[in-house]
Amino acid sequence: MPSSRSAKLIALEEAYGAHNYHPLDVVVRKAKGAWVWDVDGRKYLDCLAAYSAVNQGHCHPKIMKAMQAQLKNVTLTSRAFRNDQLPLLYKKLHDLTGFDMSLPMNSGAEAVETAVKAARKWGYKVKGIPDGQAEIICAADNFHGRTTTIVSFSTDAQYRDGFGPFTPGFRIVKYGDIDALRNSITPNTAAFLVEPIQGEAGIIVPPEGYLREAARLCKENNVLLIVDEIQSGLGRSGKLFAYQLEGITPDAVIIGKALGGGYYPISAVLARKDVLGVFHPGDHGSTFGGNPLAAATALAALDVLVKEKLIDKSRNLGDYFIKRLRAIKSPHVKEVRGKGLWIGFVLDTKARPYCEALMKEGILCKETHENVIRFAPPLVITKKEIDWAMTRIEKVVQRLDMQ
Ligand SMILES: *Cc1c(COP(=O)(O)O)cnc(C)c1O
């Protein structure tokens, strides 16, 4: 039962906020590293990490310091003027990822919209697709955000119900099925937009070789391969980018979430010059995109990722966590899958009661779809903390087995 303090806040939220989420009833007041505290001082291990937006851990002191320093200088110029932080972020993203250039936005969905616009314009101006005919291929069960255009290519009925009419120009293929992709490419295909591992769908890892073959098909047909790494990227999968698990180089990659280190929304599209080069002054923009506070924060967030070797930690501790979870003996556990510290714990029953029981034991995680628990803690988590969590996860699974 929530305490009276948290019950009051929950009541305010329910009364005055739109009900577009169904959160667990934990009211967080502060956080540090992999831990959060509720308004009554109870402590929880965060195993969701704000959907991978806090890979660097909550309230990382180095990112905070960079942000505080920037707060005293300048926070917003708009892109009508230049600022002294954005060029440094462009250079850092180039050096870290090898992509020619980038375009900063705020939310992940905006960066996806930016990639869609770039792909269409590239289709018309570079590939020579007849005006108004460009198509983008997407995968079934994708998650790319919530704007009207993006839900136009969602296959989740709830994401679309009541939100039409939809944006045309998208085709859906089965995820992980290379023949389906091959069969749906036409001379008017501008791009294939795909998650290298589907996060919201339940940490779905496609068959080995899928992305490699998709990259080959795209190249053969002069189609852009655009990879959405908003959740999978920046260390989550045990690599800087999940596409590196297949040794490919896409034409464009979309990042967000952890780029802001949990402090500030910032996203970006990284691509080759001939792709982002289609944008000319006035074609596209955002008042807050690339502001100096965002750029300074992202610079520090990337620095922490590299200097603290969080990508290696994700890979090593992820392997360990998966091994421990697979060792749980329970008739309800169907599968444990994932890469790095990005794990789908698949049940044959509803996952919500497990999440609620785990919360009472001091572990915060969230079901994705009906029957998958996603374990995706901040990458600063330690082996000792995973062991601490495992004791409680084992206990909860065993207890619910008996019901
Ligand atoms: C979260 C997410 C988005 C949308 O990002 P927002 O910042 O919520 O708009 C897009 N694609 C993927 C894969 C995501 O996980």
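Residues numbered from 1 in each chain as written. Predicted model: local features only at pLDDT ≥ 70, side-chain atom pairs only at ≥ 80, totals over all residues. Heavy atoms only, no water.

Caption draft 1: View of the overall build of the protein chain. Each helix and strand in the protein chain was counted, giving 14 helices and 15 strands. For the protein chain, the C-alpha radius of gyration of 21 Å lies close to 22 Å, the compact-globule estimate for 403 residues. If one aligns the C-alpha atoms of the protein chain with their principal axes, the spans along those axes are about 60 × 55 × 45 Å. Split into buried and exposed, the 403 residues of the protein chain put 55% on the buried side. The long-range share in the protein chain, meaning contacts at least 24 apart out of those at least 6 apart in sequence, stands at 72%. Surface summary for the protein chain: the accessible area is close to 18500 Å², and the carbon and sulfur share equals 54%. On the protein chain, the mean spot of the 53 positive side-chain charges and the mean spot of the 43 negative ones are 6 Å from each other. (Helix = DSSP H or I, 4+ residues; strand = E, 2+ residues; numbered from the N terminus. Rg over C-alpha atoms; globule rule 2.2 N^0.38 Å. Buried < 20%, exposed > 50% of the residue type's maximum accessible area, 1.4 Å probe, protein only. Contact = heavy atoms within 4.5 Å. Areas by Shrake-Rupley, 256 points an atom, 1.4 Å probe, with all protein chains shown as cover. Lys, Arg positive; Asp, Glu negative; His and termini not counted. Charge placed at Lys NZ, Arg CZ, Asp CG, Glu CD.)

Caption draft 2: Up close: the packing of aromatic side chains. A complete count under the given rule lists seven aromatic pairs for this structure. On the basis of an interplanar angle of 75° and a centroid distance of 5.9 Å, the ring pair of Phe143 and Tyr159 is categorised as edge-to-face. Residue Phe143 is found in the loop between β5 (135-139) and α6 (148-152), and its partner Tyr159 is found in helix α7 (residues 157-160); the two are separated by 16 residues along the sequence. The class for Phe143 is buried, based on a relative accessible area of 18%. Accessibility expressed as a relative area gives 17% for Tyr159, which makes it buried. The ring of Trp35 has Lys43 sitting right over it, with the charged end atom 4.4 Å from the ring centre. Above the ring of Trp388, the side-chain terminus of Arg392 is found at 3.9 Å from the ring centroid. (Phe/Tyr/Trp six-rings, centres within 6.5 Å; stacked < 30°, edge-to-face > 60°. Lys NZ or Arg CZ within 6 Å of the ring centre and 35° of its normal.)

Caption draft 3: Summary view of unusual backbone geometry. For the bond from Gly164 to Pro165, the omega torsion is 0°, close enough to zero to count as cis. Mapped onto the elements of the fold, Pro165 is located in the loop between α7 and β6 (170-173). Although it is not a glycine, Lys257 sits at a positive phi angle of roughly 35°. Looking at the secondary structure, you find Lys257 in the loop between β9 (252-255) and β10 (267-271). Here the phi dihedral of His369 falls at roughly 55°; this positive angle occurs in a residue that is not glycine. When you line up the elements, His369 lands in the loop between β14 (366-368) and β15 (372-375).

Caption draft 4: The arrangement of the site of the ligand in detail. The full set of residues close to the ligand is Ser107, Gly108, Ala109, Phe143, His144, Gly145, Glu195, Asp228, Ile230, Gln231 and Lys257. In the model, an oxygen atom of the ligand is placed 2.8 Å from a nitrogen or oxygen of the Ala109 main chain. One nitrogen or oxygen atom from the side chain of Lys257 is found 2.6 Å from an oxygen atom belonging to the ligand. Here the ligand loses 80% of its free accessible area of 380 Å² to cover by the protein chains. Looking at the shell around the ligand residue by residue, the class counts come to three nonpolar, five polar and three charged. (Near = heavy atom within 4 Å. Polar contact = N/O pair within 3.5 Å; in protein donor to acceptor, adjacent residues only side chain to side chain. Nonpolar A, V, L, I, M, F, W, Y, C, P; charged D, E, K, R; others polar.)

Caption draft 5: Representation of the domain arrangement of the protein chain. For the protein chain, the assigned domains read domain 1 (4-56 + 309-401) and domain 2 (61-307). The gap between the C-alpha centroids of domain 1 and domain 2 is 26 Å. Each side of the interface is counted separately: domain 1 has 29 residues, and domain 2 has 31 residues. For the pair domain 1 and domain 2, the two sides together bury roughly 2400 Å², of which 57% comes from carbon and sulfur. Taken together, domain 1 and domain 2 are joined by one salt bridge. Joining domain 1 to domain 2, the criterion identifies 23 residue pairs in polar contact (both at pLDDT 80 or more). The class makeup of the residues in the side of domain 1 that touches domain 2 is 14 nonpolar, nine polar and six charged. (Domains from an automatic or database assignment. Buried area = accessible area lost by both parts, 1.4 Å probe. Salt bridge = Lys/Arg side-chain N within 4 Å of Asp/Glu carboxyl O.)

Caption draft 6: Here's a closer look at the side chain of Asp228. Along the chain, the position of Asp228 falls in strand β8 (residues 224-228). Here Asp228 sits buried without a salt bridge, and the closest side chain of opposite charge, Lys257, lies 7.1 Å off (N-O distance). Among the polar contacts made by the side chain of Asp228, one reaches the side chain of His144 at a distance of 2.8 Å. Within the structure, Asp228 has its side chain in polar contact with the backbone nitrogen of Ile230 (distance 2.9 Å). Apart from residues lying up to four places away in sequence, Asp228 is in contact with Val112, Phe143, His144, Leu193, Val194, Glu195, Pro196 and Ile254.

Caption draft 7: Focus on the pattern of salt bridges. The full count for this structure, using the stated rule, is 26 salt bridges. For the salt bridge of Asp303 with Lys92, the shortest nitrogen-to-oxygen distance reads 2.9 Å. Taken together, the residues span a long stretch of sequence, with Asp303 in helix α11 (residues 292-307) and Lys92 in helix α4 (residues 86-97) at a distance of 211 residues. Judged by relative accessible area, Asp303 falls into the partly exposed class, the value being 29%.

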